[in-house]
Amino acid sequence: MSGIWRSVASAILLVVSLTILLDFAVRNPTLQGLATDLNNWAVVIGAFALGLGAYSLILRHGRIISRRARMWPYSVILLVTMVVFVATGLITGSVSSPQYDWIYSSFIMPVSSTLYGMNAFFIASASYRAFKARSWEAVVLLVAAVFLMLKNAPIGGVISPVLPQIGTVIWDFAGATGMRALLIGIGIGTLALGLRVIIGQEKTPLGGAE
Amino acid sequence: MAGKLSWVVITLLFSVLMLVALYLASKKIYVPQIREHAGIQAISEAVGRAAEMGRPVSFSPGTSTIYDAKYAGDTAAALRILDYVARQAVKSGSKLIVGIAQPTVLPVAQAIVKTVYTAEGKPEEYVEGDTVRFFSPDQWGFASSYVGMMYREGVAANFLFGGHAAEALVLAETGADVGAMQVSGSTNVYQLPMFIVACDYTLIGEDQLAAAAYLSPDPAQKGVVFGQDLAKLVCVALIVIGALLATMGSKILSSFLKS
């Protein structure tokens, strides 16, 4: 982004950010209307950006197909699926039509659920690595995790009623304290980054490296 | 709405603290010394390792949009880190692959990476549609595309920043499976444990946000990090004073925070 356009983008960013912030702090109908419009614009621009995404996909996979690169049939499947989805939406006139809903429920939902379900296996493999007692920190993690598992699993209370209580103490005191400290830090960090973006010190969100 | 007055006062106070710290640093009146962060140092180490192995570097700036109310800060920080990673990759001669989930992030990421390649004198190495790849705005569509890319390309370094949700563990575990050195960052407290167990280094919470200032070529930007620490000190003071006042039966502070 050239200098002049970056300055224009920075100025727009400053005005828009302050409007949204002021709308949150001050109750004013004009400001509220303006902030609502700006938020709607963001959604509309986001929808336009989807076109850029589609162009990028077509460019990349069209290149793969034309070169008969490795696994090119998958690129064909992707582009055909994309065309079928768009055509179904346009022909039926709604993404809640029975036809569109059928495609979504029959193909997207099962695949998404399968991927989500894989998390269970990934958690097992990640836990195995994390709970190897290689250092004192890992030992603390392992001990805390064992007590928390015994708190949540019914067998913990069967072995001894004290075990779930230890887990509860770890969760309510160590866990909650650490979590709150983390959240305070994240809030302050977000404010600092937002401030740097608003005053034009951080330019990467505008798309230009310094 | 309850809490607005206190929100305005605290936001203004913290903003002033950060701006003063930034001003002092920019005028070289007080430039804070910031400790070396192992996670940030590991970024160049991971890119260097990929260059030695002759394998690509992959980067994800998350699945959140650039205007997301909760994770826009993460996306902005991830884009700053992307700028740094791209620079390191070009300098070391590693192939960079950026996987994008959100269409609004795509043009920004493309502009950043393209500018870096041009600035480093290697514009021909930036391939439109290939260096920065749009995968899918759907969470699992993105996850499956990114996982497939990591396996097919055999990445040696993987960077996961920005706002990630349930797909975080799938991406990080796959990275570990392909033998990539991984550096991640998140402010999502539910996904942080996933990154911590599966990645070599993780920028926890505000570390990722501070990395944006840390990696800035302008040393004065580190002043903001000092300002953040001052704000945290104020928070600690408020917690101690609030606990003491509550113990004595006073509700002045809690009433103010609810006002």
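Source: prediction; values computed, not measured.

Calculation rules
- Residues numbered from 1 in each chain as written.
- Chains lettered and ligands numbered in written order.
- Predicted model: local features only at pLDDT ≥ 70, side-chain atom pairs only at ≥ 80, totals over all residues.
- Helix = DSSP H or I, 4+ residues; strand = E, 2+ residues; numbered from the N terminus.
- Rg over C-alpha atoms; globule rule 2.2 N^0.38 Å.
- Buried ≥ 20, exposed ≤ 12 C-beta atoms within 10 Å, placed from the backbone.
- Contact = placed C-beta atoms within 7 Å.
- Domains from an automatic or database assignment.
- Nonpolar A, V, L, I, M, F, W, Y, C, P; charged D, E, K, R; others polar.
- Right-handed = clockwise from strand over helix to strand, strands pointing away.
- Pairing = 2+ DSSP bridges.
- Core = buried A, V, L, I, M, F, W, Y, C linked by C-beta atoms within 7 Å.
- Expected span 1.5 Å × (residues − 1).
- Axes fitted to C-alpha atoms, helices over the stretch in contact; angles between N-to-C directions.
- Left-handed = near helix turned anticlockwise from the far one by under 90°.

> Residues and numbers for the overall build of chain A, please.
Regarding its fold elements, chain A presents 8 helices and 0 strands. Mapped from its N terminus to its C terminus, chain A presents α and β elements in the order α-α-α-α-α-α-α-α. For 210 residues, the compact-globule formula gives about 17 Å, and the C-alpha radius of gyration of chain A, at 26 Å, lies well above that figure. Its C-alpha atoms give chain A principal-axis dimensions of about 65 × 50 × 40 Å. Among the 210 residues that make up chain A, the fraction classed as buried is 15%. For chain A, the share of sequence-separated contacts (at least 6 apart) that also reach a separation of at least 24 residues comes to 19%.

> Describe the overall build of chain B, naming the residues involved and giving the relevant values.
What chain B contains, in helices and strands, is 10 helices and 6 strands. With the principal axes as the frame, chain B shows a C-alpha extent of 65 × 40 × 30 Å. Sequence separation of 24 or more characterises 70% of the internal contacts of chain B that already satisfy a separation of 6 or more.

> Give a detailed account of the domain arrangement of chain B, specifying residues and quantitative values.
It is common to report an interface's size as the accessible area lost on association of the parts. Residue and element names in this part refer to chain B. By domain assignment, chain B separates into domain 1 (4-31 + 219-258) and domain 2 (38-214). If you average the C-alpha positions of domain 1 and of domain 2, the two centres end up 32 Å apart. If you look at the interface, domain 1 gives 5 residues, while domain 2 gives 4 residues. Residues belonging to the side of domain 1 that touches domain 2 are distributed by class as follows: 2 nonpolar, 2 polar and 1 charged.

> Explain the pairing of strand β5 (residues 181-186) of chain B residue by residue, including any values.
All names here are of chain B. Along β5, 6 of the 6 residues are buried, which leaves the element largely enclosed by surrounding structure. Burial along β5 is two-sided: the face carrying M181, V183 and G185 and the face carrying Q182, S184 and S186 are both buried. Of the crossover connections in this fold, the one passing from strand β4 (residues 157-163) over helix α6 (residues 168-177) to the parallel β5 is right-handed. One ladder, built from 4 bridges, connects β5 with strand β6 (residues 201-204); its direction is parallel. Bridge pairing in β6 links S184 to T202.

> Quick rundown of the nonpolar core? Include the residues and the values.
All names here are of chain B. Of all hydrophobic cores here, the largest spans 95 residues; its most connected members are L82, V85, A109, A157 and A172. With 12 residues, the single largest contributor to this core is helix α3 (residues 72-92). In this structure, A172 is in contact with L160, Q182, S184, M194, F195, A198 and C199, ignoring residues within four places of it in sequence.

> Report on helix α9 (residues 222-247) of chain B, specifying residues and quantitative values.
With 26 residues, α9 of chain B extends 38 Å from end C-alpha to end C-alpha; this agrees with the ideal 38 Å at 1.5 Å per step. All of the buried residues in α9 of chain B are K222, G223, V224, V225, F226, G227, Q228 and A231 of chain B. Each element contacted by the buried residues of α9 of chain B is listed here: α8 (162-198) of chain A together with α1 (4-26) and α8 (206-214) of chain B. Two residues or fewer past α9 of chain B, G249 of chain B is found with a positive phi of approximately 90°.

> For the packing of α1 of chain B against α9 of chain B, give the residues involved together with the corresponding values.
Residues and elements named next belong to chain B. Where α1 contacts α9, the axes come no closer than 7 Å and their chain directions differ by 145°. In this structure, α1 crosses over α9, and the sense of that crossing is right-handed. On α9, the residues that touch L13, F14, L17, M18, A21, L22, L24, A25 and S26 of α1 are K222, G223, V224, F226, G227, Q228, L230, A231 and V234. Of the residues that constitute the contact of α1 with α9, the class distribution is 13 nonpolar, 4 polar and 1 charged.

> Describe in detail α1 of chain B, supporting the description with residues and values.
Between its first and last C-alpha, α1 of chain B extends 32 Å over 23 residues, near the 33 Å set by a 1.5 Å rise per residue. Residues of α1 of chain B that are buried: I10, F14, L17, M18, A21, L22 and A25 of chain B.

> If you had to explain the interface of chain A and chain B to someone new, which residues and values would you point to?
On the side of chain B, 56 residues touch chain A, which itself brings 50 residues to the contact. Elements supplying a minimum of two residues to the side of chain A that touches chain B: α2 (29-66), α4 (98-117), α5 (119-130) and α8 of chain A. With 16 residues, the top contributor of residues to the side of chain A that touches chain B is α8 of chain A. Each residue belonging to the side of chain A that touches chain B can be placed in one class, and the counts come to 29 nonpolar, 15 polar and 6 charged.

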